Amino acid sequence: EVGIHCFLDASHAADKATRRSQSGILIFINRAPITFFSKKQNSVETSTFGSEFTACKQAVELVKGLRYKLRMFGIPIEGPASLYCDNEAVYKNVAIPTSVLNKKMHG
């Protein structure tokens, strides 16, 4: 059995000209790095939450594809994949189905 671990991050509005964020994703099988992904996001996000959430969505799609390929090769997978993200709001929003977004207005 193999375990899948995915680390992801986004830099909000990293491109100063277009204000597009950059996603970074690194996927491990057991302790070996298998794939990495670094790309400007297609949309312009207005918040760090939005860019981190977009990176999380991209990571989930990559992990789903990897899990499918491993199953097709007959490789047993140990439980669900672990995703590691450094944004607590994104983590709570995707991990807890009943969570609600609380937007703080500063003014």
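None of these values were measured; they are calculated from a predicted model.

The rules we used
- Residues numbered from 1 in each chain as written.
- Predicted model: local features only at pLDDT ≥ 70, side-chain atom pairs only at ≥ 80, totals over all residues.
- Heavy atoms only, no water.
- Patch = residues over 30% accessible without salt bridge, like charges linked within 9 Å, V, L, I, M, F, W, Y side chains within 5 Å.
- Areas by Shrake-Rupley, 256 points an atom, 1.4 Å probe, with all protein chains shown as cover.
- Salt bridge = Lys/Arg side-chain N within 4 Å of Asp/Glu carboxyl O.
- Helix = DSSP H or I, 4+ residues; strand = E, 2+ residues; numbered from the N terminus.
- Core = buried A, V, L, I, M, F, W, Y, C linked by side-chain atoms within 4.5 Å.
- Buried < 20%, exposed > 50% of the residue type's maximum accessible area, 1.4 Å probe, protein only.
- Expected span 1.5 Å × (residues − 1).
- Contact = heavy atoms within 4.5 Å.
- Pairing = 2+ DSSP bridges.
- Axes fitted to C-alpha atoms, helices over the stretch in contact; angles between N-to-C directions.

Where nonpolar side chains cluster on the molecular surface, the patch consists of Phe7, Leu26, Phe36 and Tyr84 and spans about 410 Å² of accessible area. In this fold, Leu26 is placed in strand E2 (residues 22-29).

Next up on the list: the nonpolar core. Counting 16 residues, the largest nonpolar core has Ile4, Cys6, Leu8, Ile25, Ile27, Leu66 and Leu70 as its most contacted members. Those elements that provide at least two residues to this core are strand E1 (4-11), E2 and helix H1 (48-72). Looking at this core, the element that brings in the most residues is H1, giving six residues.

Turning our attention to H1. For H1, with 25 residues, the first-to-last C-alpha span of 36 Å sits near the 36 Å given by 1.5 Å per residue. Those residues of H1 that sit buried are Gly50, Ser51, Glu52, Thr54, Ala55, Cys56, Gln58, Ala59, Val63, Leu66 and Leu70. Against E1, E2, strand E3 (32-40), strand E4 (82-84) and helix H2 (88-95) lie the buried residues of H1. Of the residues trailing H1, Gly74 is marked for its positive phi of about 80°.

To continue, consider the sheet that holds E1. Paired through backbone hydrogen bonds, the strands of a sheet run either parallel or antiparallel to each other. Reading across from one edge, E3-E2-E1-E4 is the order of the four strands in this open sheet, with mixed pairing throughout. Each edge of the open sheet carries a strand with a single partner, namely E3 and E4. Looking at each pair of strands side by side, their axes are set apart by 15° on average, direction ignored. Note that E2 and E3 share eight bridges and pair antiparallel.

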